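As a plain string of letters, each chain reads:
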Amino acid sequence: MSLPLAIFSFTLLWFSGTPAFSGWLGKCLGTVPDLPARAPAPQAVVILGGGSYRDGESGSERLSAPSLERVLWAVQNAPEGMPILVSGGRVHPNKRATEAQLMVDLLESELSRPVSWRDDCSRTTAENAVNSAEILRSSGVESIVLATHWWHMPRAAAVFTRAGLQVQPLPVGSVSELLPRARDEVRRWIPSAAALLCTQIYWRELLAQAWYQLRPLPEAGRC
């Protein structure tokens, strides 16, 4: 009985680590259409935090690579001069700075881009949406450019739309960038650590999409 289980486990792990399977799973996440032509022009840019960590040597908080990518992508590709909201709260009580504060520091101190609003309370994408919507509606903003990674965008855009905002997606990257070229057909079936990591991310996003469809939106939080 243990041999068939071992063979099954090995086969499952092999396929999960192949670029072919990972790419297919990434496509299952879906896409987000742009705003229709008659929709109001976006009035603000919302950048979602993607994590932070504490530097082991200095003890200071730093933005994770996904957070940095989202901030830089928004600065490079969002309409210039559009007001910015950053969203990302505390992950655990030992942190000294929120993701939102770290993004503000990066944008204003190093990239010379002023931040108009920040949401320090959100711990989930759903909280990002309801808290950002409450902040923006109080300033008369109803349509936004949303900056996050492409694999996170379908879930994020859907929940921001449910929160009452019109969303113009500004995704970082795309699934096509991760797929080997046609001439590398053999390599598509050779497992790699990168493909296995992507498979893990995509499975989590697919489960989160299903969960968000079943759950009501949280109430806007107060820190």
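Presented here is a report on the structure given in the accompanying data block. Bear in mind that the values here come from a model prediction, so they are computed numbers and not experimental data. (Residues numbered from 1 in each chain as written. Predicted model: local features only at pLDDT ≥ 70, side-chain atom pairs only at ≥ 80, totals over all residues. Heavy atoms only, no water.)

Opposite charge on two side chains lets them pair, provided their charged atoms get close. What the rule picks out here adds up to three salt bridges. Among the ionic pairs, Arg 118 bridges to Asp 120, the shortest N-O distance being 2.7 Å. One salt bridge connects Arg 123 with Glu 127, and the closest N-O pair in it is separated by 3.3 Å. Judged by its relative accessible area of 15%, Glu 127 falls in the buried class. (Salt bridge = Lys/Arg side-chain N within 4 Å of Asp/Glu carboxyl O. Buried < 20%, exposed > 50% of the residue type's maximum accessible area, 1.4 Å probe, protein only.)

On to the environment of Phe 21, then. Note on placement: Phe 21 falls in helix H2 (residues 19–27). Ignoring any residue separated from it by four or fewer positions in sequence, one finds Phe 21 in contact with Phe 15, Ser 16, Thr 199 and Trp 203. (Helix = DSSP H or I, 4+ residues; strand = E, 2+ residues; numbered from the N terminus. Contact = heavy atoms within 4.5 Å.)

Turning our eyes to something else, we now look at helix H6 (residues 153–162). Burial of H6 is extensive: seven of the 10 residues sit out of reach of the surface. Looking at the buried positions of H6, the neighbouring elements they touch are strand E1 (44–48), helix H5 (125–137), strand E6 (143–149), strand E7 (166–172) and helix H7 (193–214). Two residues or fewer past H6, Gly 164 is found with a positive phi of approximately 105°.

Take the packing of aromatic side chains next. Enumeration over the complete set of coordinates arrives at four aromatic pairs. With a centroid separation of 5.8 Å and an interplanar angle of 40°, the aromatic rings of Phe 21 and Trp 24 are classed as tilted. Here Trp 24 and Phe 21 lie together in helix H2, a separation of three residues that amounts to about one turn. In this structure, Arg 155 packs its charged tip against the face of Tyr 212, placed 5.0 Å from the ring centre. (Phe/Tyr/Trp six-rings, centres within 6.5 Å; stacked < 30°, edge-to-face > 60°. Lys NZ or Arg CZ within 6 Å of the ring centre and 35° of its normal.)

A surface patch of nonpolar side chains, about 440 Å² in accessible area, is lined by Phe 10, Trp 14, Phe 15 and Trp 189. Along the polypeptide, Phe 10 turns up in helix H1 (residues 2–16). (Patch = residues over 30% accessible without salt bridge, like charges linked within 9 Å, V, L, I, M, F, W, Y side chains within 5 Å. Areas by Shrake-Rupley, 256 points an atom, 1.4 Å probe, with all protein chains shown as cover.)

Moving on: the sheet that holds E7. On the basis of which strands lie adjacent, the open sheet formed by five strands has the order E5-E4-E1-E6-E7 and parallel pairing. Strands at the two margins of the open sheet, each flanked by one partner only, are strand E5 (117–119) and E7. The sheet shows a mean angle of 20° between the axes of neighbouring strands, taken without regard to direction. Docked against the sheet, helix H3 (residues 65–77) engages E1, E6 and E7, running at close to 115° with respect to E7. Taken strand by strand, H6 contacts E1, E6 and E7, and its axis lies near 155° from that of E6. (Pairing = 2+ DSSP bridges. Axes fitted to C-alpha atoms, helices over the stretch in contact; angles between N-to-C directions.)

Our next topic: unusual backbone geometry. Positive phi, close to 55°, is recorded for Ser 112, a residue that is not glycine. Residue placement: Ser 112 occurs in the loop between helix H4 (99–110) and E5. The exposure class of Ser 112 is exposed, given its relative accessible area of 61%.

Counted at 1.5 Å a residue, the expected span for H4 with its 12 residues is 16 Å, and the 16 Å between its end C-alpha atoms agrees. Positive phi shows up at Ser 112, right after H4, with a value of about 55°. (Expected span 1.5 Å × (residues − 1).)

Further remarks concern the side chain of Ser 22. Mapped onto the fold, Ser 22 is located in helix H2. Among the residues examined, Ser 22 registers a relative accessible area of 5% and is labelled buried. Within the structure, Ser 22 has its side chain in polar contact with the backbone oxygen of Ala 195 (distance 3.4 Å). (Polar contact = N/O pair within 3.5 Å; in protein donor to acceptor, adjacent residues only side chain to side chain.)

Along any regular strand the residues' side chains alternate between the sheet's two faces. Of all seven residues in E6, seven are buried; the element is thus mostly enclosed. Bridge count between E6 and E7: seven bridges; the pairing is parallel. Its bridge partner lying in E7, Ile 144 is registered against Val 167. Note on the crossover from E6 through H6 to E7: the handedness is right-handed. (Right-handed = clockwise from strand over helix to strand, strands pointing away.)

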